[in-house]
Amino acid sequence: MTPTTHATVGKDSKEMAQLPTSLPPVSTSPSRVVRRSMTSAYVSRPRLSHDILLYLFEHMQDQADMVLLMGTCRTLRRAGVTHLLARGVVVRTPSALRSFCTFMLSDIVTRAPLLRQLSIKIPDELFGPYTYYEGGIFANHVESEQEHGAELNSGHGRDSLLTWDLADMLARVLQKTENIEDLSVYACANLLCLNKDMSISSALIHFKHLRRVRMERIWGPAAEFLEGACSSLVELDLDGSSSDTYADNVLAVLEIHFETLEKLILLCGELKEVEYLPGMGIYVEFPKLRALALRNYQGVGSAIVTMLSKSFPALRHFELFDNWELDPKQTRADAPPDVFPWGVLDRVCGDVDSLYGLGGTLCAKILEVYRVNRSDAGQFEWLHAVISDIKPTHLVLHIGLDPGFSAIDISNLLPLGYTNVTHLVLNLTIASFMEGSAYEFLFALAALLHAHPVPFVILRFIEREVLVWERTYIDDSNPEDEDERPPPRQTEIVEGMKTARFEETVLPYLFKASPALTHVGLEIEGHSCAHWTLQGGDDGLVTELLNEATGRAVVHAAGLGLRDGLIECLWSGS
């Protein structure tokens, strides 16, 4: 008995030496020493069960933290792979694609079924010199690597270009990843046919569980994929542009998905009045589609809207941006008044010109208007007409994104006599083209609220415009375009808002101008988010500052959050 006891004491003596000196003294009899040293060892080395660690994976937002946890043991490494693949993979370079394919192929049977989301965003210029696009049909142009050795070795190594062998690796991975639900392919048309047997395109077509798809700038291959896809798509974001073509006859291409499609974003293309099934004289109808966005589309007038109402009878959310090759004045004149084929929509979004051209075709609870400015003659008159046509109660205006807009113009945003608006949100970029000071901005806002008593007001300053297709200006670095350079952006208004004493001065000032005011929010991205309730009484104005979570919840419940108005597919890494 004694030798065993002394061996145990010797084993734990180092651990006992590491215990805090503040522990109470204990008896040194052998039996008690053994029990105390064992207890102390467990105290100095606390351990969490694997179940708890696995539970932590579910709540980790940072993938880097997840990777660190995966490095602690084999069990967590295996579990971490499951979570990482389930959250989705984003590939932006050929070297990243090679790393991803190597990782998957090392245990393809186990890992391939775990992948749910895949986003491939490799620009065409990073493809090797082995393919070209000709006449809308992809042609393989095989040449020896020796002939292109100089190109591969001068600034572009094998890992920086997508080559035949890497495309074949990707094809082998895709053939096994049968459970992908979200797919995004951006501007890499060559990728779909870079391998000789076209197995990449074939694998995409034969996916059976795809629900959300985004394809950009690859209209030809995208049309082939959509017409042959084995999946029943629910959400689709489709860029109809490519090197030399634009999308046409889109609805006929999407006919195979008519029973399941719920959200549809179309960028760059043209809709025609006779967009029906060829030879059948009937419109393609999508009974479940509730959200439609047409961005940078051609010739969408009231006649097209009438056609869309037949194809999408259940529509609740409609967006129209950059409606080109269309005279808004002429199409408005041709539009029949107060048609409202969908009744009252939940939301309508768009730029002033596009919505003005539709006339009295749309009616909605929420209206979101982008790029409100005074750089074009009659822009405010058109804005007033759009508001009067659509008759919203909730209005979101994006202002200060173009030169020529002044803070004092805030007072003229709403048409005279229009009193339907109960919720007003003004979105500005932090670095804005808007001229004027914070004092002028608040003065104009008070004048607006005095003329139009709106109970719910949000002032929101964001880092950049949320629309990715925001208009770009002449490069400031080009001396030849000096006369066309925009004025510098300024942050005077938002800086004034940061230092303004809202509860003491701003809220009483606005409430005095409009006693109907009940809620004011100030959201400055990266700085603060504050919401107040206001109530007048015998003792004067009573304000209450809501906690941030409650304030955001109130705004979101009204459908007025920053991104509440944008239809977006839920792909990874967009």
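Quick look at the structure, then. (Residues numbered from 1 in each chain as written. Predicted model: local features only at pLDDT ≥ 70, side-chain atom pairs only at ≥ 80, totals over all residues. Heavy atoms only, no water.)

**Digging into the overall build of the protein chain**
Move 1: A count of helical and extended segments in the protein chain gives 20 helices and 18 strands.
Move 2: A burial count over the protein chain gives 48% of its 574 residues as buried.
Move 3: For the protein chain, long-range pairs separated by at least 24 residues make up 75% of all intrachain contacts whose partners lie at least 6 apart in sequence. (Helix = DSSP H or I, 4+ residues; strand = E, 2+ residues; numbered from the N terminus. Buried < 20%, exposed > 50% of the residue type's maximum accessible area, 1.4 Å probe, protein only. Contact = heavy atoms within 4.5 Å.)

**Thoughts on empty space enclosed by the protein**
Move 1: With the rule as written, the count across this model stands at 3 cavities of 30 Å³ or more.
Move 2: Its boundaries defined by the atoms lining it, the largest cavity holds a volume of some 50 Å³.
Move 3: Lining the largest cavity are Leu428, Thr429, Ile430, Ser432, Met434, Phe461, Gln490, Thr491, Glu492, Ile493 and Val494.
Move 4: Of all the secondary-structure elements, those providing two or more residues to the lining of the largest cavity are β14 (423-429) and α18 (492-499).
Move 5: In terms of residue count, the dominant contributor to the lining of the largest cavity is α18 (3 residues).
Move 6: Taken together, the residues of the lining of the largest cavity sort by class into 6 nonpolar, 4 polar and 1 charged. (1 Å grid on protein atoms, 1.4 Å probe; cavity = no way out; pocket = protein on both sides within 12 Å on 5 of 7 lines; lining within 4 Å. Points joined across faces, edges and corners; volume = space filled by probe spheres on them. Nonpolar A, V, L, I, M, F, W, Y, C, P; charged D, E, K, R; others polar.)

**A closer look at the pattern of salt bridges**
Once their charged atoms are close, side chains differing in charge can pair, the charge on each being opposite to the other.
Move 1: Under the defined criterion, the tally for this structure stands at 12 salt bridges.
Move 2: Taking the shortest distance from any N to any O, the salt bridge between Arg98 and Asp165 comes out at 3.4 Å. Placement of Arg98 in helix α6 (residues 94-105) and of Asp165 in helix α9 (residues 164-174) is noted, with a sequence separation of 67 residues between them.
Move 3: Of the residues examined, Arg98 reaches a relative accessible area of 18% and is grouped as buried.
Move 4: Of the charged contacts, one joins Lys498 and Glu495 as a salt bridge, the two residues approaching to 3.5 Å between their closest N and O atoms. Here Glu495 and Lys498 lie together in helix α18, a separation of 3 residues that amounts to about one turn.
Move 5: Of the residues examined, Glu495 reaches a relative accessible area of 39% and is grouped as partly exposed. (Salt bridge = Lys/Arg side-chain N within 4 Å of Asp/Glu carboxyl O.)

**Observations concerning the side chain of Asp351**
Move 1: Looking at the element boundaries, Asp351 is found in strand β11 (residues 345-351).
Move 2: In this structure the side chain of Asp351 is engaged in a polar contact, spanning 3.3 Å, whose partner is the backbone nitrogen of Asp353.
Move 3: Looking at Asp351, its side chain comes within polar contact range of the side chain of Ser354, at 2.9 Å. (Polar contact = N/O pair within 3.5 Å; in protein donor to acceptor, adjacent residues only side chain to side chain.)

**Regarding the nonpolar core**
Move 1: Ile410, Leu426 and Phe441 are the most contacted members of the largest nonpolar core, which has 130 residues in total.
Move 2: In contact with Leu426, not counting residues within four places along its chain, are Leu397, Ile399, Ile410, Leu413, Phe441, Leu445, Ile458, Leu459 and Arg460.
Move 3: Grouped together as the second largest cluster of nonpolar side chains are 8 residues, Ile366, Val396, Val425 and Ile458 included. (Core = buried A, V, L, I, M, F, W, Y, C linked by side-chain atoms within 4.5 Å.)

**Structural notes on helix α17 (residues 438-451)**
Move 1: Here α17 is 14 residues long and its end C-alpha atoms lie 20 Å apart, about the 20 Å a rise of 1.5 Å per residue gives.
Move 2: Among all positions in α17, only Ala438, Phe441, Leu442, Ala444, Leu445, Ala446, Leu448 and Leu449 are buried.
Move 3: For α17, the elements touching its buried residues are β14, β15 (456-462), α18 and α19 (502-513). (Expected span 1.5 Å × (residues − 1).)

**Structural notes on the packing of aromatic side chains**
Move 1: Tallied over the entire structure, the rule returns 8 aromatic pairs.
Move 2: For the ring pair Phe286 and Phe312, a centre distance of 5.3 Å and an interplane angle of 40 degrees mean the geometry is tilted. In this pair, Phe286 sits in the loop between β8 (263-270) and β9 (291-298) while Phe312 sits in the loop between α13 (302-311) and β10 (317-321), placing the two residues 26 residues apart along the sequence. Taken as a pair, Phe286 and Phe312 share a single burial class, namely buried. (Phe/Tyr/Trp six-rings, centres within 6.5 Å; stacked < 30°, edge-to-face > 60°.)

**Observations regarding the pairing of strand β16 (residues 519-524)**
Regular strands show a simple pattern: their side chains alternate between the two faces of the sheet.
Move 1: In terms of burial, β16 is a largely internal element, 6 of the 6 residues being buried.
Move 2: Here β16 shows two buried faces, one formed by His519, Gly521 and Glu523 and the other by Val520, Leu522 and Ile524.
Move 3: Pairing of β15 with β16 involves 6 bridges; the strand directions are parallel. If you follow Arg460 over to β16, its bridge partner there is Glu523.
Move 4: Across 6 bridges, the pairing between β16 and strand β17 (residues 528-537) is antiparallel. When the sheet's bridge partners are listed, Leu522 is paired in β17 with Ala530.
Move 5: Taking the residues that link successive antiparallel strands as the turn, the β16-β17 hairpin has 3 residues, and the phi of Gly526 there is positive, at about 80 degrees. (Pairing = 2+ DSSP bridges.)

**Structural notes on the packing of α17 against α18**
In a packed pair of helices, the relevant descriptors are the angle between the two axes and the axis-to-axis distance.
Move 1: Where α17 meets α18, the axes come as close as 8 Å, and the angle between the chain directions of the two elements is 80 degrees. Taken together, the axes of α17 and α18 are roughly perpendicular relative to one another. Where α17 abuts α18, its residues Ala438, Phe441 and Leu442 lie against Glu492, Ile493, Gly496 and Met497.
Move 2: The residue makeup of the contact of α17 with α18, split by class, is 5 nonpolar, 1 polar and 1 charged. (Axes fitted to C-alpha atoms, helices over the stretch in contact; angles between N-to-C directions. Parallel < 35°, antiparallel > 145°, perpendicular 65-115°, else oblique.)

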